[in-house]
Amino acid sequence: GVELLVRKNLTRNFFGWISYTYLRAFYQIDETEGLRPFDFDQPHILTMIGVYKFPRGWSLGARFRLVSGNPYTPVTDGVLDASGDFYFPINGQRNSGRLAAFHQLDMRLDKTWTWRYVKLNVYADVQNVYNRRNVEGTQYSYNFQQKKVIAGLPILPTLGLRLDF
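The structure presented is a predicted model; accordingly, all values stated were derived computationally and were not measured. Positions within a chain are numbered from 1, following the residues in the order the chain's sequence is written. This being a predicted model, a pLDDT of at least 70 is required before a residue's local features are given, and a value of 80 or more before pairs of side-chain atoms are given or counted; all residues contribute to the totals for chains, interfaces and linings. In computing side-chain properties, one takes all heavy atoms of the structure into account and sets aside hydrogens as well as water.

Asker: Please explain unusual backbone geometry as it appears in this structure.
Answerer: Across the chain, the bulk of peptide bonds are trans and the bulk of non-glycine residues have phi less than zero. Positive phi outside glycine occurs at Asp-85, with the angle close to 55 degrees. With respect to the helices and strands, the residue Asp-85 is situated in the loop between β8 (75-81) and β9 (86-91). Relative accessibility under 20% of the residue-type maximum defines a buried residue, over 50% an exposed one, and the middle range a partly exposed one, all with a 1.4 Å probe and only protein chains included. Since its relative accessible area comes to 65%, Asp-85 is described here as exposed. Of note in this structure, Phe-144 is not a glycine but carries a positive phi near 65 degrees. Note on Phe-144: relative accessible area 19%, which makes it buried. Counting from the N terminus, the helices are DSSP H or I runs at least four residues long and the strands are E runs at least two residues long.

Right, dumping it as structure tokens:
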């Protein structure tokens, strides 16, 4: 794999960075089968961050991430086990499918007060600002004939407090 990171102070109050990673991870069970991607193989990872520092201890930052979807093993069909009255899946080739790409924008507003021996930081953080329903996995019906995606977290605002002394 290869990773590239560029960090730059664009002005006295504004800085940012861009990071790109290209990485492939494969394995082979035996010689009869070809190479397969590992369970968490993510060939492309792009991260962009920008932070602006305002006067009086205020700052505003944003992070954008774009990541290749994880590989998964698709279910091609389901078969009824009449003795147990349940269905079991017929899986396709291991890790032959790939989930949709993940992308997300996060933003954070900070206010910092600094005294002689103490620093107090209060922040509001919003993850997934544009409420992207990123695919985390697949859920199948009882007989594996229908499927729906399992989506990640929706927009998630949080408030926080950090005290350093």
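Asker: Would you mind showing me how to read the sheet that holds strand β6 (residues 58-67) here?
Answerer: Note on sheets: strands pair through backbone hydrogen bonds, and any given pair is parallel or antiparallel. Spatially, the seven strands line up as an open sheet ordered β1-β2-β5-β6-β11-β12-β15, and their pairing is antiparallel. The sheet terminates laterally at β1 (2-9) and β15 (156-164), the two strands that pair on one side only. Going from strand to strand, the sheet's axes swing by 15 degrees on average, the running direction of each strand aside. Inspection of the sheet shows strand β5 (residues 44-53) paired to β6 by nine bridges, in the antiparallel sense. The partner of Thr-47 across the bridge, within β6, is Arg-65. The criterion for strand pairing is that DSSP finds at least two bridges linking the strands in question. Axis angles are defined between N-to-C directions and span 0 to 180 degrees, where every axis is a line fitted to C-alpha atoms and, for a helix, only to the segment in contact.

Asker: Honestly, a nonpolar patch on the surface in this entry has me stumped. Any pointers?
Answerer: Here a patch means residues that are over 30% exposed by relative accessible area and free of salt bridges, tied together within 9 Å if like-charged and within 5 Å if nonpolar (Val, Leu, Ile, Met, Phe, Trp, Tyr). Accessible areas in this description were obtained via Shrake-Rupley with a 1.4 Å probe; residue shielding takes into account the shown protein chains only. The term salt bridge refers to a pairing of a side-chain nitrogen on Lys or Arg with a carboxyl oxygen on Asp or Glu at a separation within 4 Å. Together, Trp-113, Trp-115, Tyr-117, Val-118, Val-122, Leu-161, Leu-163 and Phe-165 make up an exposed nonpolar region whose accessible area comes to about 930 Å². As for its position among the elements, Trp-113 is in strand β11 (residues 102-114). A relative accessible area of 34% places Trp-113 in the partly exposed class.

Asker: Looking at this structure, I do not really get the environment of Val-6. What am I missing?
Answerer: One can find Val-6 in strand β1. Val-6 sits in the partly exposed class, given a relative accessible area of 48%. Separated by 10 residues in the primary sequence, Val-6 and Gly-16 have C-alpha atoms spaced 8.4 Å apart.

Asker: Explanation requested: the packing of aromatic side chains in the structure shown.
Answerer: Geometrically, a pair of aromatic rings is defined through the distance of the ring centres and the angle of the planes. When two rings of Phe, Tyr or Trp (its six-membered ring) have centres within 6.5 Å they constitute a pair, described as stacked for plane angles under 30 degrees, edge-to-face for angles over 60, and tilted for the intermediate range. Evaluated as defined, the whole model comprises five aromatic pairs. A ring pair is formed by Phe-14 and Tyr-52, whose centres lie 6.4 Å apart and whose planes are at 35 degrees; its orientation type is tilted. Taken together, the residues span a long stretch of sequence, with Phe-14 in strand β2 (residues 14-22) and Tyr-52 in strand β5 at a distance of 38 residues. We classify Tyr-52 as partly exposed; its relative accessible area is 32%. A connected cluster of aromatic rings, assembled from ring pairs, spans Phe-14, Tyr-52 and Phe-54.

Asker: Quick question: what am I supposed to make of the pairing of β5 here?
Answerer: For a regular strand, side-chain orientation follows a simple rule: the groups alternate between the two sheet faces. By the bridge criterion, nine bridges tie β2 to β5 in an arrangement that is antiparallel. Counterpart to Ile-18 in the pairing with β5 is Met-48. Connecting β5 to the antiparallel partner β6 that follows it, the hairpin turn spans four residues, and Arg-56 within it adopts a positive phi of roughly 65 degrees.

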